[in-house]
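Residue-level listing of the chains:
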Amino acid sequence: MFSEREMLSKAISMSFISPFLPSISTFFLWSTAYFFLCILNYHRSYEWNCRLVTIWHASLVTILCSWCAFITGPWPLEFMGDANTPFQSLIAAISLGYFVFDFLWCLYMGTEGIVMLFHHVISISGIAFVQFNGYSGPELIATILGTEISNPFLQLRWFMRETKNYETFLAKMNDIIFMAMFIGWRIGPGSLLWYQTVLVSSKPKLFVKIGGTGVYDKESKRPVCSQRPQKITRNLNNLDHDNKSKIPDGQRELGVVKLKHVIHFAW
């Protein structure tokens, strides 16, 4: 039989861990998706596959956040600081799991500077606090929507550059859409959300106000297309994409060997 002190300790531990169990699950889901992409898409670079996961996350949470904010509610600008709904908690878990995955990927690959890593830390801390505290779900959903809605177009810019399609009409249209969303959401809804959360409403906790200010400031100064080191972006099997060469058996084996690094990271 457990003593009273041991039972109390276990109860405290579970009360701390249980809010993050969905996020832990989604972290492994995102990691597994990346792992299988590296297996199935082994002729591409690690960054290529990671950015595919990024597009999936950004597209998914943009749809979910839009549905939550505009259809199911509650309206973020009116109910900020209120208790999280199950739908909001689900979206937060999906995003927190992804941001932890991406943060660890950046650390492991050494692809980002201190500014982008700090941006990840702010995002992870803010979502984790809202999940643990159980409040401020409405403004968190609006924040995720504002920061992720332009992300798929940002990633498409990178893919078009990598495939040498950046000078096409489609790429120019993508740039226009990206810049319109990036600037429009931050100047318009983003500024209004920051004003309401930080200066008007008294319901959000101080940590939420500080975190919201940090996210707003970093997103406003965020570079429109980060370029990671060339040693990371080169093709996994050193293939010549311009010549569209076939994959020799030796390079196919090399791709399998390099997957050991992926397995070490993902698991």
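Counting of residues starts from 1 at the beginning of each chain's written sequence and follows it residue by residue. Totals for whole chains, interfaces and linings use all residues, but because this is a predicted model, local features are given only for residues with pLDDT of at least 70 and pairs of side-chain atoms are given and counted only at 80 or more. Working from all heavy atoms in the structure, the side-chain values ignore hydrogens and water.

The protein appears in an unreviewed UniProt entry as TLC domain-containing protein 5 from Acropora cervicornis.

**Q** What's the story with helix 4 (residues 86–109) in this structure? I'm lost.
**A** A turn of α-helix holds 3.6 residues, and therefore any two residues three or four places apart point the same way. Counting from the N terminus, the helices are DSSP H or I runs at least four residues long and the strands are E runs at least two residues long. The span expected for a helix works out to 1.5 Å for each residue beyond the first. Its 24 residues give helix 4 an end-to-end C-alpha distance of 35 Å, which sits within 8% of 34 Å, the value for a rise of 1.5 Å per residue. A positive phi of about 65° marks Gly110, the residue just after helix 4.

**Q** Explanation requested: the pattern of salt bridges in the structure shown.
**A** Where side chains of opposite charge bring their charged atoms close, a pairing between them can arise. By salt bridge we mean one thing: a side-chain nitrogen of Lys or Arg within 4 Å of a carboxyl oxygen of Asp or Glu. Evaluation of the coordinates by the stated rule reveals three salt bridges. For Lys203, the salt bridge is made with Asp82, and the minimal N-O distance between the two is 2.2 Å. Pair noted here: Lys203 is in the loop between helix 8 (169–200) and helix 9 (206–220) and Asp82 is in the loop between helix 3 (46–72) and helix 4, with a separation of 121 residues, a long-range link. Classification of Lys203 as partly exposed rests on a relative accessible area of 47%. Each residue is placed in one exposure class: buried if its accessible area under a 1.4 Å probe, protein chains only, is under 20% of its type's maximum, exposed if it is over 50%, and partly exposed if it falls in between.

**Q** In this structure, what is going on with the packing of aromatic side chains? I would like to understand it.
**A** Two aromatic rings are characterised by how far apart their centres lie and by the angle between their planes. Each Phe, Tyr or Trp ring (for Trp, its six-membered ring) is paired with any other whose centre lies within 6.5 Å, and the angle between the two planes then decides the class: stacked below 30 degrees, edge-to-face above 60, tilted in between. Enumeration according to the criterion identifies 12 aromatic pairs in this entry. Both rings, one in Tyr34 and one in Phe101, keep their centres 5.6 Å apart while their planes meet at 55°; by these two values the pair is tilted. Taken as a pair, Tyr34 in helix 2 (residues 21–40) and Phe101 in helix 4 lie far apart in primary sequence, 67 residues in all. A single burial state applies to Tyr34 and to Phe101, both of which are buried.

**Q** It is not clear to me how the nonpolar core should be interpreted in this structure. Could you clarify?
**A** Side chains that are nonpolar tend, in soluble globular proteins, to be buried together. By convention a nonpolar core is built from buried Ala, Val, Leu, Ile, Met, Phe, Trp, Tyr and Cys residues, the set being connected through side-chain atoms within 4.5 Å. Of all hydrophobic cores here, the largest spans 34 residues; its most connected members are Tyr34, Val53, Ile91, Phe101, Trp105, Ile127 and Ile144. Contributing elements (two or more residues each) for this core: helix 2, helix 3, helix 4, helix 5 (114–133) and helix 6 (137–148). The dominant element in this core, judged by the number of residues it contributes, is helix 4, at 11 residues.

**Q** Teacher, can you tell me more about the UniProt feature "transmembrane region" (unreviewed entry) in the protein here?
**A** UniProt positions are given in the numbering used here, feature names are shortened, and annotations may be inferred rather than shown by experiment. Mapped onto this numbering, the UniProt entry gives "transmembrane region" (unreviewed entry) at residues 20–40, 52–75, 87–107, 114–132 and 176–195. Taken end to end, residues 114–132 is 100% helix and 0% strand, and its first and last C-alpha atoms sit 26 Å apart.

**Q** For this particular structure, what's the right way to read the side chain of Thr26?
**A** Structurally, Thr26 is set in helix 2. The class of Thr26 is buried, set by a relative accessible area of 10%. Residue contacts are counted whenever heavy atoms from the two residues lie within 4.5 Å of one another. Look past the residues within four positions of Thr26 in its chain and what remains in contact with it is Ala93, Ile94 and Gly97.

**Q** Please clarify how unusual backbone geometry should be interpreted in this entry.
**A** The phi torsion of most residues other than glycine is negative, and most of the peptide bonds are trans. For the bond running from Gly73 to Pro74, omega is 5°, close enough to zero to count as cis. Within the secondary structure, Pro74 sits in the loop between helix 3 and helix 4. Backbone geometry at Ser136 places phi at a positive 70°, although glycine is not the residue there. Relative to the elements of secondary structure, Ser136 occurs in the loop between helix 5 and helix 6. One non-glycine residue, Lys164, lies in the positive phi region at around 60°. On the secondary structure map, Lys164 appears in the loop between helix 7 (151–162) and helix 8.

**Q** Before we go on, may I ask you to explain the packing of helix 3 against helix 4 in this structure?
**A** Axis angle and axis distance: for two packed helices, these are the angle between their axes and the distance between the axes, and together they describe the pair. Interaxial angles span 0 to 180 degrees and are taken between N-to-C directions of axes, which are lines fitted to C-alpha atoms, for helices over the stretch in contact. Relative orientation of the contacting elements helix 3 and helix 4 amounts to 160°, with a least axis distance of 10 Å. The angle between helix 3 and helix 4 places the two elements in the roughly antiparallel class. Between helix 3 and helix 4 the crossing geometry is left-handed. Residue composition of the contact of helix 3 with helix 4, by class: 17 nonpolar, five polar and two charged. Roughly parallel means an angle under 35 degrees; roughly antiparallel means over 145; roughly perpendicular covers 65 to 115; every other angle is labelled oblique. Handedness of each helix crossing follows the sense of rotation of the near helix against the far helix: counterclockwise by less than a right angle gives left-handed, clockwise gives right-handed. All amino acids are sorted into three groups, where Ala, Val, Leu, Ile, Met, Phe, Trp, Tyr, Cys and Pro are nonpolar, Asp, Glu, Lys and Arg are charged, and the leftover types, Gly among them, are polar.

**Q** When you look at a nonpolar patch on the surface in this model, what are you seeing that I'm missing?
**A** The grouping of Trp67, Phe70, Ile71, Trp75 and Phe79 at the surface amounts to a nonpolar patch, some 550 Å² of accessible area in total. Within the secondary structure, Phe79 is located in the loop between helix 3 and helix 4. Distance thresholds for patches are 9 Å for like charges and 5 Å for nonpolar side chains (Val, Leu, Ile, Met, Phe, Trp, Tyr), applied to residues having over 30% relative accessible area and no salt bridge. All accessible areas in this document rest on Shrake-Rupley with a 1.4 Å probe, and a residue is counted as covered only by the protein chains that are shown.

**Q** Help me understand the confidence of the model for the protein in this model?
**A** It should be kept in mind that the predicted coordinates are not to be read in detail where pLDDT is low. What pLDDT expresses is the predictor's confidence in each residue, scored from 0 to 100. Summary statistics for the protein give a mean pLDDT of 78 and a share of 73% for residues scoring 70 or more. In the model, residues 223–267 has pLDDT below 50 throughout and makes 81 contacts with residues more than four positions away in sequence or in other chains.

**Q** Looking at this model, I keep getting lost on the environment of Glu148. Mind explaining?
**A** Among the secondary structure elements, Glu148 is positioned in helix 6. Between the C-alpha atoms of Glu148 and Leu60, which are 88 residues apart in sequence, the distance is 9.5 Å.

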